[in-house]
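# Breakdown of the fold
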Amino acid sequence: MEIAPILKSQTVQNRVREVGINPNYWYPTAWADEVAPGQVIPVVIWNSAIALYRSQDSQIYAIEDACPHKGVALHKGKVTGENLTCPYHGWEFNGNGVCKSIPYLPKGQKLPCATARSYAAQERYGIIWIFPGTIEDSEKVELPLVPEYDDPKWLTIPIPGHFQAHFSICNENTMDVFHGYLHKNLQGWFSPVLISLKASEASVLAQYQVSYRGWMTKFFGFSEQGNEVTTRTVTIRYNYPHYHSSLEGVSSLYLMRQPVGAQLTKSFSLLFLKIRLPQWLVKPLQKQIAQILWRFVLKSFLDQDTEMIESEQRTYLANPQRRYVEINPAIIALQRVIVGQYEKFMQQSKKLSYGNNGNQVSSAGGVK
Ligand code: FES
Ligand SMILES: [Fe+2]
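Note that the structure is predicted; figures quoted are calculated from it, not measured. (Residues numbered from 1 in each chain as written. Chains lettered and ligands numbered in written order. Predicted model: local features only at pLDDT ≥ 70, side-chain atom pairs only at ≥ 80, totals over all residues. Heavy atoms only, no water.)

### Quick notes on the sheet that holds strand E9 (residues 99-101)
Spatial strand order, E6-E7-E8-E9: four strands in an open sheet with antiparallel pairing. In this open sheet, the two strands that pair with only one neighbour each are strand E6 (78-80) and E9. (Pairing = 2+ DSSP bridges. Helix = DSSP H or I, 4+ residues; strand = E, 2+ residues; numbered from the N terminus.)

In structure tokens, the structure reads:
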């Protein structure tokens, strides 16, 4: 649906700060190199604790981080071949969460039926993704497409993010190009204009015109001197629950969110830049160049955003009833998608709970 990109005041729904996630999407949970073969780490997606491990033969598995015997956190255990062994009594579980061995069970005695919930997990773009919905549903949902990954024309910069805030606040920051004001001391963009806006049940597509001057124009190759004003179009596409933002052929940013809980969100971003250095120099030094750009250029932007995002969250918590005013229709559209996706999931869960004839058949599940 096309929405008129007119800036006029609207009241923000406080409800958007209280909603949970729709678990029927793939969520990033770790950088692939954080989990070596034989290693297990704890991860959390919207309050669900998961033990994520890589078997000795490099397969990724994700099972509930609670032993079916007594509830001990399985990530404190160790990887044995392709299984995960609980640290308490040594029960061993396979990647489907099924108990395969109990060290003290008398020979010939049948194993008890003890299964930890397992999750669909996969590794792509240097990130480990988990699907918090059912394994069956995971087969119907695709990961975000990142065509720039592995394309030698682009320099890849992985960017980690950690925010003490609800995921809706983080997502609004990304959709909100009008906050170039915050980054003025870093010579970020200025004079933003929202030029088009479309929204659907699961997406928001906004285009903004922005201007650059100073080192950014030189860095992106817009001008040689860096003292002219250059105006470009930024396209921001929110496909629930992740982002893609591109600046007319010079940069492409994929921003993937891991909502950990109501007040903690992580992000896994992949920034692709076309930098003006010869390929023979960029290729062997890709990792080092990416690290330098992240530490000395991009991190300053993110630190400024983090401060604003966390401040917003603190004020919200101090008074969840306080009303706010927004004038960017792209933010209002984004909030509708976030609330709508959560409600869609809740309705689906209700239908499942009560069956088609209205009789309750199971509980609604633990995702808020
Ligand atoms: S609690 Fe895990 S084996 Fe006993
Ligand atoms: Fe920012």
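### Some points on the packing of aromatic side chains
Across all of its chains, the model carries ten aromatic pairs by this definition. Where Tyr 53 meets Tyr 61, the ring centres are 5.3 Å apart and the plane angle is 35°; that geometry is what we call tilted. Overall, Tyr 53 belongs to the buried group, its relative accessible area being 0%. In this structure Tyr 61 comes out as partly exposed when scored by relative accessible area, which is 22%. Centre to centre, the rings of Tyr 238 and Tyr 243 are 4.8 Å apart; their planes meet at 50°, and the pair counts as tilted. Like Tyr 238, the residue Tyr 243 is buried in the burial classification. Among the aromatic residues, those joined into a ring-pair cluster are Tyr 25, Tyr 238, Tyr 240 and Tyr 243. In this arrangement the basic side chain of Lys 184 is found over the ring face of Tyr 181, its NZ or CZ atom lying 3.8 Å from the centre. (Phe/Tyr/Trp six-rings, centres within 6.5 Å; stacked < 30°, edge-to-face > 60°. Buried < 20%, exposed > 50% of the residue type's maximum accessible area, 1.4 Å probe, protein only. Lys NZ or Arg CZ within 6 Å of the ring centre and 35° of its normal.)

### Details of the domain arrangement of the protein
Interface size is commonly expressed as the accessible area that is lost once the parts come together. As far as domains go, the protein holds domain 1 (1-24 + 146-368) and domain 2 (27-138). If you average the C-alpha positions of domain 1 and of domain 2, the two centres end up 31 Å apart. In this assembly, 28 residues from domain 1 lie in contact with 20 residues from domain 2. For domain 1, the biggest contributors to the area lost against domain 2 are Asn 24, Gln 258 and Phe 268; these three give 28% of the whole. The interface formed by domain 1 and domain 2 holds zero salt bridges in total. Taken together, domain 1 and domain 2 are joined by eight residue pairs in polar contact (both at pLDDT 80 or more). Mapped onto the side of domain 1 that touches domain 2, the elements with two or more residues apiece are strand E12 (155-163), strand E17 (251-261) and strand E18 (264-273). For the side of domain 1 that touches domain 2, the leading source of residues is E17, giving six residues. (Domains from an automatic or database assignment. Contact = heavy atoms within 4.5 Å. Buried area = accessible area lost by both parts, 1.4 Å probe. Salt bridge = Lys/Arg side-chain N within 4 Å of Asp/Glu carboxyl O. Polar contact = N/O pair within 3.5 Å; in protein donor to acceptor, adjacent residues only side chain to side chain.)

### Observations regarding the coordination of the iron ion (ligand 2)
For the iron ion (ligand 2), the full set of protein donor atoms is His 179 (NE2), His 183 (NE2), Asp 305 (OD) and Asp 305 (OD), and the range of their distances to it is 2.1 to 2.3 Å. Classification of the site at the iron ion (ligand 2) rests on its four donor atoms, whose angles at the metal span 57 to 139°, yielding the label irregular. For the iron ion (ligand 2), the donor residues sit on a single chain with the sequence spacing H-x3-H-x121-D. Of this pair, His 179 sits in the loop between helix H2 (167-175) and strand E13 (190-199) while Asp 305 sits in helix H4 (residues 279-318), placing them 126 residues apart in sequence. A single burial state applies to His 179 and to Asp 305, both of which are buried. (Donors = N, O, S within 2.8 Å, 3.2 Å for Na, K, Ca; no water. Tetrahedral: all angles 85-135°; square planar, octahedral: opposite > 155°, others 65-115°.)

### Things to note about the sheet that holds strand E2 (residues 27-31)
Strand order in the open sheet formed by six strands is E2-E11-E10-E5-E4-E3, and the pairing between neighbours is antiparallel. Here the strands that pair on one side only, and so sit at the sheet edges, are E2 and strand E3 (40-45). In this sheet, neighbouring strand axes are inclined to one another by 30° on average, regardless of whether the strands run parallel or antiparallel. Judged from the five bridges that link them, strand E4 (residues 48-54) and strand E5 (residues 60-64) form a sheet pairing that is antiparallel. Within E5, the residue paired with Arg 54 across the bridge is Ile 60. (Axes fitted to C-alpha atoms, helices over the stretch in contact; angles between N-to-C directions.)

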